[in-house]
Every structure is written in structure tokens, then in C-alpha cells.
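So you can see what is in the structure, the chains are spelled out below.
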Amino acid sequence: LARLRPRAVAASVLARIGRRGPEALELARCLAVGGDGMALGRACALASLDLETGSVAADALVASGVLDGCEPLAFAHPLVREAVYDDMPRSGRARRHAEAARLLHDEGADPELVAAQLLRASGSGERWAIEALRLAARRALDRGVPEGAARYLRRGLDERPSRSLRAELLAECGFAARLAGAVDAFELLEQAVELSADRVERARLLTAMGQTRLDQGRMADAAQTFERGLRALDAPGVDE
């Protein structure tokens, strides 16, 4: 397979799957979205197939050389998975990734597994998706991977959160982006400041913005930003 042209592999794979019927095609597509190592029951749930029908489809895919095994499910070669995945319309892939994320979330799977699916899914605007991405971001920060945390939180912003929740996401994303050395960390924190109604929170964000300018060697800008933070704390109605 590795020596064959990808187009030739794709044509051969799709022809073999097509001969096995629509159930086999749907199961193969769901596995391409979920990835190797998926349990048969989970793949059947994602493909909206009962376990008996899904088992027959899986056996047919093994017999045709598309799958290497049924428990757990695995493609015979990465090129086979790529062929099935690339054959799906983009909207169909996004929908299946969203369905896979919801299924994993409902099963209590690792938040980063859920987030990995949401990164490729279309936005649903549902609160559970935002919270799953935030939890995955916290796990990534705990592992010392702020780049991953920022990526999850940027995706959360695409879920059309409410104004107050958007402010929280922008703040979390800004802090993660600063740790990752991202160029837009200051702008993310600035947007959070604009949305925040809490003076103490604004001061905290402005402090982080000033530190970001220090990291960039922009001393004058850092001083101005710290002064903004002090003015926020000195505003009436804020306890010491």
C-alpha cells in the first residue's frame, strides 16, 4: 500500500467498501472520524446501527481487507483510513465529529478526547461543548502544554458563548496564549477587559497585559498598562 499512489488506493478501498453495502460504508466513515482503537459498540452507536447489524458490517470490512480487526476496530493501513475520511463531504465530516464529541462526552471520556473531536466539528452553541473545551484546556495546562490549552479555548470562542462566558473564555485563552508566547495574547486579554464588568477582574487582566508587554520588551507600554490596572483598583466601590 505504501508504494501505491494515494488515488489508486482510495479508488480501490472505496470500491471494496461500496460492494459491502451502506451499513459498511457508514461504519467505515464513523471509524475514520473516531480513529483506530474504537470499540465496536461505540462505532455502532455513532453510525446509528444496532450491534448485530454493525457486527455483520465490520466482519464484511475485515473480509474485504479494509479493517484489520473488529475488537477494537482498526483500519488495515493509515492510507485506507485517509481514503475513507477524504471521501466524505466536509460538512459530513464536521457533523460526524460533533456527534462523536457528544457521544464521548456522554460516556464520560477523557476531556481531551472530546476536545479533539470538537476541534474538527462545526459549532453547536451548546454549553456542554464549551465546558468540555475549558476542562480540556485546564488538563493541557496541568501537563505544561499551554499551546494546546489556547487552541481548545479559541475553539470554545467559536461556540457563540454569552457575553459573560465569552469574557471568561477570552481571559483564560489570553493567559494560556501568554504562557505559550502567542503574539495575540495581549489582544485576547484586552478583549476580556472590554467585556468584564468587575473592576478587580479588570485589574487582574490589565496586570497580565502589562506582564505580556514586559515579556515583549516594551517597557513604556507595560508601564502604561500597569497604570491602567492601578486606576481600575482605585475606582470607587472596590474593596481593598
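Our structure is the block above this text.
Residues numbered from 1 in each chain as written. Predicted model: local features only at pLDDT ≥ 70, side-chain atom pairs only at ≥ 80, totals over all residues. Heavy atoms only, no water.

Right, let's get into the overall build of the protein. Helix and strand counts for the protein stand at 13 helices and two strands. Each principal axis of the C-alpha distribution contributes one length, and for the protein these read about 75 × 35 × 30 Å. Among the 240 residues that make up the protein, the fraction classed as buried is 44%. A separation of at least 24 residues holds for 56% of the contacts in the protein among residues at least 6 apart in sequence. In the form shown here, the protein has an accessible surface area of approximately 12,600 Å², with 51% of it arising from carbon and sulfur atoms. Within the protein, one finds 34 positive and 36 negative side-chain charges whose respective centroids are separated by 6 Å. (Helix = DSSP H or I, 4+ residues; strand = E, 2+ residues; numbered from the N terminus. Buried < 20%, exposed > 50% of the residue type's maximum accessible area, 1.4 Å probe, protein only. Contact = heavy atoms within 4.5 Å. Areas by Shrake-Rupley, 256 points an atom, 1.4 Å probe, with all protein chains shown as cover. Lys, Arg positive; Asp, Glu negative; His and termini not counted. Charge placed at Lys NZ, Arg CZ, Asp CG, Glu CD.)

Let us look at the pattern of salt bridges. Inspection of every chain in the model, using the stated rule, returns 18 salt bridges. A salt bridge links Arg 134 to Glu 131; the nearest nitrogen and oxygen atoms lie 3.3 Å apart. Here Arg 134 pairs with Glu 131, and both are found in helix H8 (residues 127-142), just three residues apart, close to one helical turn. The residue Glu 172 makes a salt bridge to Arg 134 at a minimum N-O spacing of 2.4 Å. Separated by 38 residues along the polypeptide, Glu 172 in helix H10 (residues 163-180) and Arg 134 in helix H8 bring together distant segments of the chain. Salt bridges here are not isolated pairs; linked through shared partners, they connect Arg 127, Glu 131, Arg 134, Glu 168 and Glu 172. (Salt bridge = Lys/Arg side-chain N within 4 Å of Asp/Glu carboxyl O.)

Counting residues in hydrophobic clusters, the biggest one holds 38 residues, and the most contacted among them are Val 114, Leu 118 and Tyr 152. Contributions of two or more residues to this core are made by helix H6 (90-106), helix H7 (111-118), H8, helix H9 (146-157), H10, helix H11 (185-195) and helix H12 (199-215). Among the elements that make up this core, the one with the highest residue count is H8 (eight residues). With 33 residues, the next largest nonpolar core counts Ala 10, Leu 79, Tyr 85 and Leu 103 among its residues. (Core = buried A, V, L, I, M, F, W, Y, C linked by side-chain atoms within 4.5 Å.)

Compared with the 16 Å implied by 1.5 Å per residue over twelve residues, the 17 Å span of H9 between its first and last C-alpha is a close match. The buried fraction of H9 amounts to nine of the twelve residues, a majority that puts the element mostly inside the structure. Elements that come into contact with the buried residues of H9 comprise H7, H8 and H10. (Expected span 1.5 Å × (residues − 1).)

Let's shift gears to the pairing of strand S1 (residues 67-70). As judged from the three bridges shared by S1 and strand S2 (residues 73-75), these two strands associate in the antiparallel manner. Residue pairing across strands places Gly 69 opposite Ala 74, the latter belonging to S2. Between S1 and S2, which pair antiparallel and follow one another directly, the connecting turn spans two residues. (Pairing = 2+ DSSP bridges.)

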